[in-house]
Amino acid sequence: MMWIEYSRDRVHGGPGWEFGTCAWAPTINRANRRWPYWISIGDVERGDMILHLQESREGTFFVGISEATDDGYITQSKPPYPGEWDDFSEFYRVDLKNFQPFQESIGLRDIFYIHDELLRNYYSKKSKSEHVFYVIQNSKLQILNGAYFSPITLDLYNILFENNIISRKTHFKLDKVIAGEKLSMVKQRIGHSEFSRKVKYNYNYKCCFPGCEINDERFLVGSHIERWADNVKKRGDISNGLCLCVFHDKALERGLYYITGNYKIKIIESKSYTYSNVYKILKPYENKTIRKGRVLPSVESLNRHYQRSIK
Ligand SMILES: [Zn+2]
């Protein structure tokens, strides 16, 4: 996943809470409410990328990128310079590392100007639950006041950064700032996490293996039936996904079982000698039907998984 941190001051919280080393916000606002652009800090996962958007006298610019050291969390420790949040006692925080400043900042005004139509279109089509960093106000694109920390989907990322952005001085692309390989890794990560979220939603956040009761999101994955690398066309397609707990995901990936065209579990016995204990756990569910989501798994993908597993 990828996020934008939109900050206005360089102090950022003081020693140990500096800009580029963490993102933080109170857990509730002055109205005693949770604010989506703060809650989002708690949704960051280790390895997520954070783009830093900063306001200055010259305007608002993307100034660098960093990586989340760990998942976001809630803490009772307070930054030494909490600014206007001095009377708050609980904060979201995510620790960041490898801050890389961009050699040339990317002006938000230029981005809004160049991609005006695409950004409007994106805004009008996005779901209500997606809290993006900008709004349309007085028929103009504007940064949303208070949009401190917001997600960027792959589609939004592509609009913002995939085309040539013409700043007043120079032409450049984000992939010239971040090494090409790293950028494609970042994009792949965003793609993975979006896929995973959609698949889990499709199965209502429960492992679909028969009899499995795991419904804690931290133990669930949006598993690929056909591997990410094997089928480019099926990559974002949720019919190529199953919501499984980490145990049943691992067993599927290792080819210890497969799912038939009528969605029944079949154990692949040929590997039982190396996984005897795991087989004991899987065996009673042979011929049982998986729990189905709204979108059914693709029979073609299940078949390919079977072919790969019996090799
Ligand atoms: Zn399970």
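Fair warning: this is a prediction, and the values are worked out from it, not measured in the lab. (Residues numbered from 1 in each chain as written. Predicted model: local features only at pLDDT ≥ 70, side-chain atom pairs only at ≥ 80, totals over all residues. Heavy atoms only, no water.)

A. Region of interest: the coordination of the zinc ion. The coordination sphere of the zinc ion, as far as protein atoms go, consists of Cys207 (SG), Cys212 (SG), Cys245 (SG) and His248 (ND1), spread over 2.1 to 2.3 Å. Considering all four donor atoms around the zinc ion, the spread of angles at the metal, 95 to 118 degrees, places the coordination shape in the tetrahedral class. Ordering the donors of the zinc ion by residue number gives the pattern C-x4-C-x32-C-x2-H. Summarising the burial analysis for this pair, cysteine 245 and histidine 248 share the class buried. (Donors = N, O, S within 2.8 Å, 3.2 Å for Na, K, Ca; no water. Tetrahedral: all angles 85-135°; square planar, octahedral: opposite > 155°, others 65-115°. Buried < 20%, exposed > 50% of the residue type's maximum accessible area, 1.4 Å probe, protein only.)

B. Main features of the confidence of the model for the protein. Across the protein, the average pLDDT comes to 87, with 91% of residues at 70 or higher. Confidence, read as mean pLDDT per element, is least for strand β11 (residues 171-172) in the protein (44) and greatest for strand β13 (residues 241-245) (97). In this model residues 166-173 is a low-confidence stretch, pLDDT under 50, and it forms 18 contacts with partners more than four residues away in sequence or in other chains. (pLDDT = per-residue confidence, 0-100. Helix = DSSP H or I, 4+ residues; strand = E, 2+ residues; numbered from the N terminus. Contact = heavy atoms within 4.5 Å.)

C. Just the pairing of strand β4 (residues 59-68), in detail. Taking burial as the measure, the ten residues of β4 include nine buried ones, the bulk of the element. With eight bridges connecting them, strand β3 (residues 49-56) and β4 associate as antiparallel partners. Note on β4: the bridge partner recorded for serine 56 is glycine 59. The turn joining β3 and β4, which pair antiparallel and follow one another in sequence, is formed by two residues. (Pairing = 2+ DSSP bridges.)

D. Seen up close, the nonpolar core. Counting 31 residues, the largest nonpolar core has Met2, Leu51, Phe62, Leu119, Phe133, Tyr134 and Leu156 as the members making the most contacts within it. Looking at which element gives the most residues to this core, the answer is helix α4 (residues 154-161), with five residues. Among all residues touching methionine 2, those that are not within four sequence positions of it are Met49, Leu51, Ile65, Ser150, Pro151, Ile152, Tyr157, Val186 and Ile190. Counting residues in each nonpolar core, the second largest holds 26 residues, with Tyr203, Ile238, Ile259 and Tyr263 among its members. (Core = buried A, V, L, I, M, F, W, Y, C linked by side-chain atoms within 4.5 Å.)

E. Local environment of the pairing of strand β2 (residues 22-26). Along β2, five of the five residues are buried, which leaves the element largely enclosed by surrounding structure. Because side chains alternate across β2, one face comprises the buried residues Cys22, Trp24 and Pro26, and the other comprises Ala23 and Ala25, equally buried. Two elements, β2 and strand β6 (residues 91-107), share five bridges in a ladder whose sense is antiparallel. By the bridge assignment, alanine 25 is partnered in β6 with tyrosine 92.

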